[in-house]
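# Understanding the architecture of this molecule
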Amino acid sequence: MIVEKVFKKGDFFVAVSSESPFYPDGKGGQLGDRGKIAGVDVVKVKEENGKILHFLKEEIPTGEVDYFIDEERRKDIACQHTAQHILSAAFVKMANIETVGFHMGENYSTIDLNVPILTREVLEEAEMLSNEIVRECIPVEIVFLDRKEAEKLDLRKPISKKVEGKVRIVKIGDFDLSACGGFHVQNTGNIGIIKVVDVEKVKGNLTRIYYVAGERALKDYERRVSLLKKLSTVLTTSMDEMEKRVMNLLDKVKNQSSIIEKLSEEFARTLSKELLEKAEKLN
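Attention in this report is confined to the structure presented alongside it. This structure is a prediction, so every number in the text was calculated from the model and none was measured.

Along its 16 residues, helix α2 (residues 120–135) runs 22 Å from first to last C-alpha, staying within 8% of the 22 Å computed at 1.5 Å per residue. The elements touched by buried residues of α2 are α1 (71–95), β12 (167–172) and β14 (194–202).

A separate point is a nonpolar patch on the surface. There is a patch of nonpolar side chains on the surface, built from Leu227, Leu228, Leu231 and Met239 and spanning about 330 Å² of accessible area. On the secondary structure map, Leu231 appears in helix α4 (residues 215–234). Residue classification places Leu231 among the partly exposed positions, given a relative accessible area of 36%.

Next up on the list: the sheet that holds strand β2 (residues 5–9). Read from one edge to the other, the open sheet built from 6 strands follows the order β2-β3-β6-β5-β4-β8, with strand pairing classed as antiparallel. Every other strand in the sheet has two partners, leaving β2 and β8 (67–69) as the edge strands with one partner each. Taking each pair of neighbouring strands and ignoring which way they run, the sheet shows an average axis angle of 35°. Both strand β4 (residues 35–37) and strand β5 (residues 40–48) contribute to a ladder of 3 bridges, which runs antiparallel. Among the inter-strand pairings, Gly35 is bridged to a residue of β5, identified as Val42.

Here α1 crosses α2 at 125°, and the two axes come no closer than 9 Å. The orientation of α1 with respect to α2, classified from their angle, is oblique. Considering how the two elements wind past one another, α1 and α2 form a crossing that is right-handed. Facing Ile86, Leu87, Ala90, Phe91, Lys93, Met94 and Ala95 of α1, the residues of α2 in contact are Val122, Leu123, Glu125, Ala126, Leu129, Ser130, Ile133 and Val134. The residue inventory of the contact of α1 with α2, partitioned by class, reads 12 nonpolar, 1 polar and 2 charged.

There is about 1300 Å³ of room inside the largest pocket. Every residue lining the largest pocket is counted, 43 residues in all, and those nearest its centre are Lys157, Arg168, Ala179, Cys180 and Gly181. Elements represented by at least two residues in the lining of the largest pocket include exactly α1, β9 (99–104), β11 (140–145), β12 and β13 (176–179). The dominant element in the lining of the largest pocket, judged by the number of residues it contributes, is α1, at 6 residues. Split into classes, the residues belonging to the lining of the largest pocket amount to 17 nonpolar, 13 polar and 13 charged.

Backbone-to-backbone hydrogen bonds join strands into a sheet, with any given pair of strands oriented parallel or antiparallel. Pairing in this open sheet of 3 strands is antiparallel, and the strands run β11-β12-β13 from one edge to the other. A single partner strand is all that each edge strand has here, and the edge strands are β11 and β13. Between one strand axis and the next, the sheet turns through 25° on average, direction left out of account. Running at roughly 70° to β12, α1 makes contact with β11, β12 and β13 of the sheet.

Of note, Asn96 is a non-glycine position whose phi angle comes to about 55°, a positive value. Among the structural elements, Asn96 can be located in the loop between α1 and β9. You can call Asn96 exposed: its relative accessible area is 58%. Unusually for a residue other than glycine, Cys137 sits at a positive phi of about 50°. Along the chain, Cys137 falls in the loop between α2 and β11.

This paragraph deals with the state of the cysteines. A complete count under the given rule lists 0 disulfides for this structure. Here Cys137 stays free of any disulfide, with the sulfur of Cys79 as its closest cysteine sulfur at 13 Å. The closest cysteine sulfur to the non-disulfide-bonded Cys180 is located on Cys79, 14 Å from its own sulfur.

Let us look at the pairing of β5. Taking the residues that link successive antiparallel strands as the turn, the β4-β5 hairpin has 2 residues, and the phi of Ala38 there is positive, at about 55°. With 6 bridges joining them, β5 and strand β6 (residues 51–56) adopt antiparallel strand pairing. When the sheet's bridge partners are listed, Val42 is paired in β6 with Leu56. Count of turn residues in the β5/β6 antiparallel hairpin: 2 residues, of which Asn49 carries a positive phi of about 55°.

Bringing the packing of aromatic side chains into the picture now. Ring pairs (aromatic) are described by centroid distance and by the angle formed between their planes. In total, this model carries 2 aromatic pairs according to the counting rule given. Measuring from centroid to centroid gives 6.2 Å for Phe22 and Tyr67, while their planes differ by 65°, and the two rings are edge-to-face. Within this pair, whereas Phe22 is found in the loop between β3 (12–17) and β4, its partner Tyr67 is found in strand β8, the two being separated by 45 residues in sequence. What makes Tyr67 partly exposed here is its relative accessible area of 43%. Measuring from ring centre to ring centre gives 5.0 Å for Tyr23 and Phe183, while their planes differ by 50°; the resulting arrangement is tilted. Placement of Tyr23 in the loop between β3 and β4 and of Phe183 in the loop between β13 and β14 is noted, with a sequence separation of 160 residues between them. We note Lys44 situated over the ring of Phe55; from NZ or CZ to the ring centre the distance is 4.5 Å. The ring of Phe175 is capped by Lys93, whose NZ or CZ atom sits 5.2 Å from the centre of that ring.

Parameters at a glance
Residues numbered from 1 in each chain as written. Predicted model: local features only at pLDDT ≥ 70, side-chain atom pairs only at ≥ 80, totals over all residues. Heavy atoms only, no water. Helix = DSSP H or I, 4+ residues; strand = E, 2+ residues; numbered from the N terminus. Expected span 1.5 Å × (residues − 1). Contact = heavy atoms within 4.5 Å. Patch = residues over 30% accessible without salt bridge, like charges linked within 9 Å, V, L, I, M, F, W, Y side chains within 5 Å. Areas by Shrake-Rupley, 256 points an atom, 1.4 Å probe, with all protein chains shown as cover. Salt bridge = Lys/Arg side-chain N within 4 Å of Asp/Glu carboxyl O. Buried < 20%, exposed > 50% of the residue type's maximum accessible area, 1.4 Å probe, protein only. Pairing = 2+ DSSP bridges. Axes fitted to C-alpha atoms, helices over the stretch in contact; angles between N-to-C directions. Parallel < 35°, antiparallel > 145°, perpendicular 65-115°, else oblique. Left-handed = near helix turned anticlockwise from the far one by under 90°. Nonpolar A, V, L, I, M, F, W, Y, C, P; charged D, E, K, R; others polar. 1 Å grid on protein atoms, 1.4 Å probe; cavity = no way out; pocket = protein on both sides within 12 Å on 5 of 7 lines; lining within 4 Å. Points joined across faces, edges and corners; volume = space filled by probe spheres on them. Disulfide = S-S within 2.5 Å. Phe/Tyr/Trp six-rings, centres within 6.5 Å; stacked < 30°, edge-to-face > 60°. Lys NZ or Arg CZ within 6 Å of the ring centre and 35° of its normal.

Here it is as structure tokens:
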């Protein structure tokens, strides 16, 4: 790749290129590439005014330089991104709920849905359908079409006005068609599993879901099992009986708090009476 100039910005050095093999952070809601340029770690990539800015830990020379891209990270990004397309399509098919926002994080990814309340039934049905699509191992195809030709397709959402020239379409069998410029797996089976881990209400009339897929889902599951095992040991109960054990402990704490509050009130009255009896009148 060609580095046109390098300048210092805060704690980092920024290498500027007109073209770059590194995918920018935030583009299409997706995480950016990481790797090395001229042997130096890339910590962030931004697209700004038609240029690609690579944030580095150390200064590098300008001109033609060697680079290395973390392919394992790309695989993870592709997994999370295709999982988003599948989940979003599943919500449309199950309850006509549309995706209005998407953000990919280092640990979790989020999808903003255009409903103020998401019922447990709809969530479970969409998640189940999504994992059925994963298990079917459907090929994920990438095709480039003219805008007019692309707009004739049954796309899940309209093509952005920012898109110029050929439109990149991501096709997941007959399940989903979307214009997208991000990374995707070659086959839905590569994802392994999709799991929604949290839901919250945001921005008034939207619902945000947090999800993990692939290796992230496995690591999240391992973390939760490890936590449950530790709690099981501390509470001296099996994981199957943990909920009952915790509820019993909470009831016990509430009862003890009530008793302590009553004793405190009684002690205060007694102390007040004793202080008045022992009080010495002045003036």
